[in-house]
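Structural characterization, general
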Amino acid sequence: MTKNNKNNALLFGLSILLFVLGSCNNPNRTGIEFAPNMYNSRAYEAQTQWRSNSINPHGMNMREPVAGTVSRRKYNTDFMQDDSSMVHDLMMYDIPKDSIEMAGRLLTNPIPWSESVEEEGKVLYERNCQHCHGTGGAGDGKVAEYYKGVPNYSSDALKNIPGGHIYWVITNGKGRMWSHASQVLPEERWKIVHYVQRLQLGS
Amino acid sequence: MFKAISKQFLLLLFLTTSLSYSFAQDASADGDVATGEKLFKNNCAQCHATGDAVVVGPGLKGIEERRDYAWLKKWINNPAAVIASGDKYAVDLYEKYNKTQMTAFQSFGDPEIKSILAYVKSANEAAAAAPAGEVAGANDSGTQEAGGGKFFNIVMVSLLVIMVLVLFALIAVLGLLNKLSNKNADAGPEKSFVENLKNIFATAIGNKTIRNAIIWLFLLLGSKATFDGLYGIGVHQGYAPTQPIAFSHKLHAGEMEINCAYCHTGVYKGKQAGIPSSNICMNCHNTIKRESPEIQKIYTAIENDQPVEWVRVHNLPDLAYFNHSQHTNVAGLDCENCHGQINKMEVVEQRHSLTMGWCIDCHRQTDVNSKGNAYYDALLEAHNNVSGDPMKVEDIGGLECARCHY
């Protein structure tokens, strides 16, 4: 009888302990891990940092590129046309940062217009522009209420702006808008230009 | 003699002032308010308010008193030329407003400009006519809001008080009942409430059935918790770490309707969705809420060339390969499918388990998005030859071990 009681008490205590352990829920902890060497990469991985890196600055896996590195991406300006001929376009990189007029005059869209390209441009516009410039390009996006000064594409001053100008603005920014070159690839910018030109026509 | 001259002078003064007044009136008096309103909202409202408020450029209240019509026309048609000409007022204006140059409206002639001026004037007159009521209304709503919070507190406290009172009443009734039953059984010495409670517990524990029932209840609950805990090993569901900057997805992705891909630029292109670099934050926060202590943390990070150490929330184990672009770009899945309603989360939390069973469930149920994708043409043909059902991810090897584990 005493042995049974002892066992009972032991079981009772154990169950309470497990219950408490199981119910502790700290949002700052990932919970119990088993065999973490299967979970955490031994190799350095981007966007994953489970131990400090002793080689790189700030203990990060990511490194800044060596000074003077040229991003190859920015030279990716060959576009296939509908008749499968290639357009080799490097001209845009000769336009200086302060020459918006020149960009408008000299840059032409290397991607020929088609319905599907405009549709792609619309998707890219929705991802990158819409929160400020608004669904219809009227400068009435949700963020514009706070950022202020977002123009209407179909306003009298902007409705005749050429595509090269629009491309230059995405690349370098203009007025209050900052450069979006780090987020939007050159090819994507030209697709957005096609859609913005649709919006310039107004509703 | 002197009187006559002064009289003439007065007359002249009167004439000139009235003339100049009427001249100043001319510009806006000519214009059509309705046309002006349309033009203003389309072209000017993004940077100018009709009142005193500075939006990007100065507020336009009293603009006709500040500058004459000829200057305004020159400025609107080509502000760059006016600044370049060295006009002092124009240069000061340019310097005052952070060297942001106004857009040139070359197509605007006299009728357009006059209509806009007429609209600005009428908007100010309308605002002057009804200021008192509006201000009072605003105050009212303010006090009501504060009152609402207080009212809620009062309700909570009174509820608490009522509950405590009920507790006391119940204890009193229990004591009374005990007394009555004791009196009925044997008129022994009165026992205190605590002693009674002790007695009740003692009898309950002494009873074998009750004791066993309690032990079994805890055993069952305990074993359930144990199994749940074991299944939860390595599963980060519910993980919502505190981030170094109190960034709210609810505000940015929800209320501001900023697309996920604006900041997570890699999500349609690569394996990783990516964490935005500070320059993307600065696209908006170079202007918005700069003084907020949380935003200042980004400024400090940029100035010190220090990375912001965000805590990763969704993290698949190294033994499983996962690629964002395959799921977002090729399959066309929404972010919410796996991440839950991020646009309603103040602090991002891992909502789904992200276990292998969870992956496989989806691969079994989801049709392959083969529309407009020539890669799937041959697979689709082969599948349709042997089956009438739509092609699931499972059918093209979505359950193969080596698809994710290699």
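About the cut-offs
- Residue numbers here run from 1 along each chain, matching the order of that chain's written sequence.
- The lettering of chains begins at A and the numbering of ligands begins at 1, in the order of writing.
- This being a predicted model, a pLDDT of at least 70 is required before a residue's local features are given, and a value of 80 or more before pairs of side-chain atoms are given or counted; all residues contribute to the totals for chains, interfaces and linings.
- Secondary structure elements are defined from DSSP: runs of H or I of at least 4 residues count as helices, runs of E of at least 2 residues count as strands, and each element is numbered from the N terminus.
- Any residue with 12 or fewer other C-beta atoms within 10 Å of its own C-beta is exposed, any with 20 or more is buried, and the rest are partly exposed; the C-beta atoms used are placed from the backbone.
- We call two residues in contact if the C-beta atoms placed from their backbones are at most 7 Å apart.
- The domain boundaries here were taken from an automatic or database domain assignment.
- A set of buried Ala, Val, Leu, Ile, Met, Phe, Trp, Tyr and Cys residues, joined to one another through C-beta atoms within 7 Å, is what we call a nonpolar core.
- To obtain each axis, a line is fitted to C-alpha atoms, and for helices this fit is confined to the stretch in contact; angles are then taken between N-to-C directions over 0 to 180 degrees.
- Angle categories are assigned with fixed cut-offs, so that under 35 degrees is roughly parallel, over 145 is roughly antiparallel, 65 to 115 is roughly perpendicular, and the rest are oblique.
- Charged means Asp, Glu, Lys or Arg here, nonpolar means Ala, Val, Leu, Ile, Met, Phe, Trp, Tyr, Cys or Pro, and polar covers whatever is left, Gly included.

1. Some thoughts on the overall build of chain A
- Helices and strands together make up the secondary structure of chain A, namely 7 helices and 2 strands.
- In sequence order, the secondary structure elements of chain A are arranged as α-β-β-α-α-α-α-α-α.
- The buried share of chain A, reckoned over its 203 residues, is 25%.
- Relative to all contacts within chain A whose residues are 6 or more apart in sequence, the contacts with residues 24 or more apart total 52%.

2. Points about the overall build of chain B
- A count of helices and strands for chain B gives 19 helices and 0 strands.
- For chain B, buried positions account for 13% of its 406 residues.
- Across chain B, the fraction of contacts at a sequence separation of at least 24, relative to all contacts at a separation of at least 6, is 65%.

3. A closer look at unusual backbone geometry
Residues and elements named next belong to chain B.
- You will see that Glu257, though not glycine, has its phi angle at about 55°, which is positive.
- The backbone of Leu354 sits at a positive phi, close to 55°, despite the residue not being glycine.
- Along the polypeptide, Leu354 turns up in the loop between α16 (336-339) and α17 (356-365).

4. Things to note about the domain arrangement of chain B
- Here the domain parsing of chain B yields domain 1 (19-132) and domain 2 (355-406).
- Here the C-alpha centre of domain 2 of chain B lies 62 Å away from the C-alpha centre of domain 1 of chain B.

5. What about the nonpolar core?
- Counting 35 residues, the largest nonpolar core has A:Ile166, A:Tyr167, A:Trp168, A:Ile170, A:Ile192, A:Val193 and A:Val196 as its most contacted members.
- Residue assignment for this core shows that the elements contributing at least two residues are α3 (115-128), α6 (163-172) and α7 (186-200) of chain A together with α12 (260-263) of chain B.
- With 6 residues, α7(A) is the largest single contributor of residues to this core.
- If we skip the residues at most four places from it in the chain, A:Ile170 touches A:His180, A:Val184, A:Arg189 and A:Ile192.
- Counting residues in each nonpolar core, the second largest holds 16 residues, with B:Cys47, B:Val82, B:Leu117 and B:Val120 among its members.

6. With respect to the packing of helix α2 (residues 33-44) of chain B against helix α7 (residues 110-129) of chain B
Residue and element names in this part refer to chain B.
- Their axes nearest at 7 Å, the elements α2 and α7 cross at an angle of 95°. Taken together, the axes of α2 and α7 lie roughly perpendicular to each other. Along the contact surface, α2 presents Val33, Thr35, Gly36, Glu37, Leu39, Phe40 and Cys44, while α7 presents Glu112, Ser115, Ile116, Ala118, Tyr119 and Ser122.

7. Brief notes about the interface of chain A and chain B
- Contact residues are listed per partner, giving 50 residues for chain A and 57 residues for chain B.
- Elements that contribute at least two residues to the side of chain A that touches chain B include exactly α1 (2-23), α3 and α5 (144-147) of chain A.
- The leading source of residues in the side of chain A that touches chain B is α1(A), at 11 residues.
- For the side of chain A that touches chain B, the per-class residue count stands at 21 nonpolar, 22 polar and 7 charged.

8. Digging into the packing of α3(A) against α7(A)
All names here are of chain A.
- One can describe the packing of α3 onto α7 by two numbers: an axis separation of 7 Å at closest approach and a directional angle of 95°. Judged by the angle between their axes, α3 and α7 are roughly perpendicular. Of the residues in α7, those in contact with Val117, Glu118, Glu120, Gly121, Lys122, Leu124 and Tyr125 of α3 are Glu188, Lys191, Ile192, His194, Tyr195 and Arg198.
- Taken together, the residues of the contact of α3 with α7 sort by class into 5 nonpolar, 2 polar and 6 charged.

9. Describing α6(A)
Residue and element names in this part refer to chain A.
- Of all 10 residues making up α6, 7 are buried, and the element is well covered by its neighbours.
- All of the buried residues along α6 are Gly164, Ile166, Tyr167, Trp168, Val169, Ile170 and Thr171.
- Where α6 ends, the next residue or the one after it, Gly173, has phi of about 80°, a positive value.

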